[in-house]
Amino acid sequence: MAKGRARSITLYGEPVLHRPCVEVTDFGPDLARLVDDMRASMKVADGVGLAANQIGVSLRVFVYDCPDADGERHAGHIVNPVLEPFSRRGATTKDTEGCLSVPGPHTELRRASVATVTGVDVEGRSVSVTGSGYLARCLQHECDHLDGVVYVDLLSGRRRRKILTEAGLGDRAR
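What counts and how
- Residues numbered from 1 in each chain as written.
- Predicted model: local features only at pLDDT ≥ 70, side-chain atom pairs only at ≥ 80, totals over all residues.
- Heavy atoms only, no water.
- Helix = DSSP H or I, 4+ residues; strand = E, 2+ residues; numbered from the N terminus.
- Rg over C-alpha atoms; globule rule 2.2 N^0.38 Å.
- Buried < 20%, exposed > 50% of the residue type's maximum accessible area, 1.4 Å probe, protein only.
- Contact = heavy atoms within 4.5 Å.
- Areas by Shrake-Rupley, 256 points an atom, 1.4 Å probe, with all protein chains shown as cover.
- Lys, Arg positive; Asp, Glu negative; His and termini not counted.
- Charge placed at Lys NZ, Arg CZ, Asp CG, Glu CD.
- 1 Å grid on protein atoms, 1.4 Å probe; cavity = no way out; pocket = protein on both sides within 12 Å on 5 of 7 lines; lining within 4 Å.
- Points joined across faces, edges and corners; volume = space filled by probe spheres on them.
- Nonpolar A, V, L, I, M, F, W, Y, C, P; charged D, E, K, R; others polar.
- Pairing = 2+ DSSP bridges.
- Salt bridge = Lys/Arg side-chain N within 4 Å of Asp/Glu carboxyl O.

Colleague: Honestly, the overall build of the chain in this entry has me stumped. Any pointers?
Modeller: Helix and strand counts for the chain come out as three helices and seven strands. Relative to the compact-globule value of 16 Å for 174 residues, the chain shows a C-alpha radius of gyration of 15 Å, a close match. For the C-alpha atoms alone, the extent of the chain along its principal axes is close to 45 × 35 × 30 Å. By the burial criterion, 45% of the 174 residues in the chain qualify as buried. A fraction of 65% describes how many contacts in the chain between residues 6 or more apart in sequence connect residues 24 or more apart. Surface exposure of the chain reaches about 8900 Å², of which carbon and sulfur atoms provide 49%. Taken together, the 23 basic and 23 acidic charged side chains of the chain have centroids lying 6 Å from each other.

Colleague: When you look at the layout of surface pockets in this model, what are you seeing that I'm missing?
Modeller: Over the atoms rolls a probe the size of a water molecule, and its path tells where empty space is left. Its boundaries defined by the atoms lining it, the largest pocket holds a volume of some 370 Å³. Around the largest pocket, the lining is made up of 19 residues, and of these V48, G98, C99, H106 and Y134 lie nearest the centre. Among the secondary structure elements, those contributing two or more residues to the lining of the largest pocket are β4 (92–99), β5 (102–112) and α2 (133–146). Looking at the lining of the largest pocket residue by residue, the classes come out as seven nonpolar, eight polar and four charged. Its volume calculated, the second largest pocket comes out at about 160 Å³. Taken together, R39, M42, K43, G47, V63, Y64, D65, A75 and G76 make up the full set of residues lining the second largest pocket. At the level of elements, α1 (29–44), β2 (61–67) and β3 (73–83) are the ones that each hand at least two residues to the lining of the second largest pocket. Class assignment for the residues of the lining of the second largest pocket results in four nonpolar, two polar and three charged.

Colleague: Explanation requested: the pairing of strand β7 (residues 126–132) in the structure shown.
Modeller: Looking along a regular strand, one sees side chains alternate from face to face of the sheet. One ladder, built from seven bridges, connects strand β6 (residues 114–120) with β7; its direction is antiparallel. Its bridge partner lying in β7, A115 is registered against G131. Counted along the chain from β6 to the antiparallel partner β7, the turn is five residues long, and its residue G124 has a positive phi close to 85 degrees.

Colleague: Can you walk me through the pattern of salt bridges in this structure?
Modeller: When the charged atoms of two side chains with opposite charge come close together, those side chains can pair. Under the definition given, this model contains 13 salt bridges. Linking D37 and R7 is a salt bridge whose minimum nitrogen-to-oxygen distance equals 2.8 Å. Residue D37 is located in helix α1, and its partner R7 is located in the segment before α1; the two are separated by 30 residues in the primary sequence. Given a relative accessible area of 6%, D37 falls into the buried group.

Function-wise, these values are silent; they only describe arrangement.
As structure tokens, then:
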């Protein structure tokens, strides 16, 4: 029996995606249910990561399920994540990136090659995830979401409008 209920994905332009999410302070059954719903939503949408605000919940939580640079699959969740500052100057990778909240198109975006995120799990236990390759990109992308930043916000205005138009969201361009 599958855990969680898939919820609708919030699309670019909805206010919940464009403001920082709030810290989680209640670690009860509602949080566990939210994480289960997020996993189900990510799976149904064929995604590799999902932030809570992508299903309309303004809490600092994300789930992920993707490979690292060596092809090893990593899956989990992080509550109240903090992206560690990037310290190795120049170690970045330019690769394609997309988003469930901007369905369809992908575009190249430069990100750190390695990323570390610390936080806690649904029971408040400390967790730390370090990823390379696609996992590093995912960790950074989801932390951006929780800060109110969608990946297209990191593009030039022209590229952002092009991607949003391709996604059928051109009327939501900022």
